[in-house]
Amino acid sequence: MVRQMSDEEILRGQLMAQLLEGKLDQRGVAQRLAITVRQVKRLKRRYTDDGIAGLISKKRGRPSNHCTPELLLTQAISLIGAYYADFGPTFATEKLAEQHAIKLSV
């Protein structure tokens, strides 16, 4: 699977290469990336184990842990369309919570 790298990840890769070549120290890399030395040590370990692919975010392409399930959203949208189409967003969510026990943010 091919993953695209962000500019920040490309910079991390360049700095990790310079770190392994001895051109930079861990403190210098930490300052350039605005992270702690401990995080640099973790990145260095991942870079030596997995190469440049180890620096790519593992969360990319995955849904958020806090997202509302699709089934609940579909149900709420259909209820709003059927009963609360002329309501504002706050009042519609209040009615969904009262009448249908569906609790959503505005």
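In case you missed it, the structure is sitting above this.
Given the structure is predicted, the values throughout are model-derived calculations rather than measurements. (Residues numbered from 1 in each chain as written. Predicted model: local features only at pLDDT ≥ 70, side-chain atom pairs only at ≥ 80, totals over all residues. Heavy atoms only, no water.)

Asks: Before we go on, may I ask you to explain the environment of Val37 in this structure?
Replies: One can find Val37 in helix H3 (residues 37–50). Residues Val37 and Gln26, eleven residues apart in the sequence, show an inter-C-alpha distance of 6.1 Å. In this structure, Val37 is in contact with Gln26, Arg27 and Ala30, ignoring residues within four places of it in sequence. (Helix = DSSP H or I, 4+ residues; strand = E, 2+ residues; numbered from the N terminus. Contact = heavy atoms within 4.5 Å.)

Asks: How should I be thinking about helix H2 (residues 26–33) in this particular structure?
Replies: In an α-helix, one turn spans 3.6 residues; hence positions three or four apart end up facing the same way. All buried positions along H2 are accounted for by Gly28, Val29, Ala30 and Leu33. Buried residues along H2 sit against helix H1 (7–21) and H3. Note on H2: the residue one or two positions beyond its end, Ala34, has a positive phi of about 60°. (Buried < 20%, exposed > 50% of the residue type's maximum accessible area, 1.4 Å probe, protein only.)

Asks: I keep staring at unusual backbone geometry and nothing clicks. Help me out?
Replies: Working note: non-glycine residues mostly have negative phi, and peptide bonds are mostly trans. A positive phi angle is found at Ala34, which is not glycine, with a value near 60°. Judged by relative accessible area, which is 70%, Ala34 ranks as exposed. If you check the backbone angles, Ala101 has positive phi at about 55° while not being a glycine. Owing to a relative accessible area of 65%, Ala101 belongs among the exposed residues under this scheme.

Asks: What should I look at first to understand the pattern of salt bridges in this one?
Replies: When their charged atoms lie close together, side chains carrying opposite charge are able to pair. Under the counting rule described, the total for this entry stands at four salt bridges. Across the salt bridge formed by Glu9 and Arg60, the nearest N and O atoms sit 3.1 Å from each other. In this pair, Glu9 sits in helix H1 while Arg60 sits in the loop between H3 and helix H4 (70–83), placing the two residues 51 residues apart along the sequence. Using a relative accessible area of 6% as the deciding quantity, one classes Glu9 as buried. Given a relative accessible area of 36%, Arg60 falls into the partly exposed group. (Salt bridge = Lys/Arg side-chain N within 4 Å of Asp/Glu carboxyl O.)

Asks: Where do I start with helix H5 (residues 89–100) in this structure?
Replies: Between its first and last C-alpha atoms H5 spans 16 Å; for twelve residues at 1.5 Å apiece the expected length is 16 Å, and the two agree. If you check which residues of H5 are buried, you get Ala92, Thr93 and Leu96. Buried positions in H5, seen along its axis, are confined to an arc of 100° and lie on one side of it. Tucked into the core, H5 has its buried residues touching H4. Backbone geometry just after H5 places Ala101 at a positive phi near 55°. (Expected span 1.5 Å × (residues − 1). Arc of directions from axis to C-beta.)

Asks: So what exactly am I meant to see when it comes to the side chain of Thr93 here?
Replies: Mapped onto the elements of the fold, Thr93 is located in helix H5. In this structure, Thr93 is in contact with Ile102, Leu104, Ser105 and Val106, ignoring residues within four places of it in sequence.

Asks: For this particular structure, what's the right way to read the packing of H1 against H3?
Replies: A packed helix pair is summarised by two numbers, namely the angle formed by the two axes and the spacing between the axes. At a minimum axis distance of 10 Å, the contact between H1 and H3 shows a crossing angle of 85°. When the interaxial angle is binned, H1 and H3 end up roughly perpendicular. Counted together, Arg12, Gly13, Met16, Ala17, Leu19 and Leu20 of H1 and Val40, Leu43, Lys44, Tyr47 and Thr48 of H3 form the full contact between these two elements. Considering only residue class, the contact of H1 with H3 consists of seven nonpolar, two polar and two charged. (Axes fitted to C-alpha atoms, helices over the stretch in contact; angles between N-to-C directions. Parallel < 35°, antiparallel > 145°, perpendicular 65-115°, else oblique. Nonpolar A, V, L, I, M, F, W, Y, C, P; charged D, E, K, R; others polar.)

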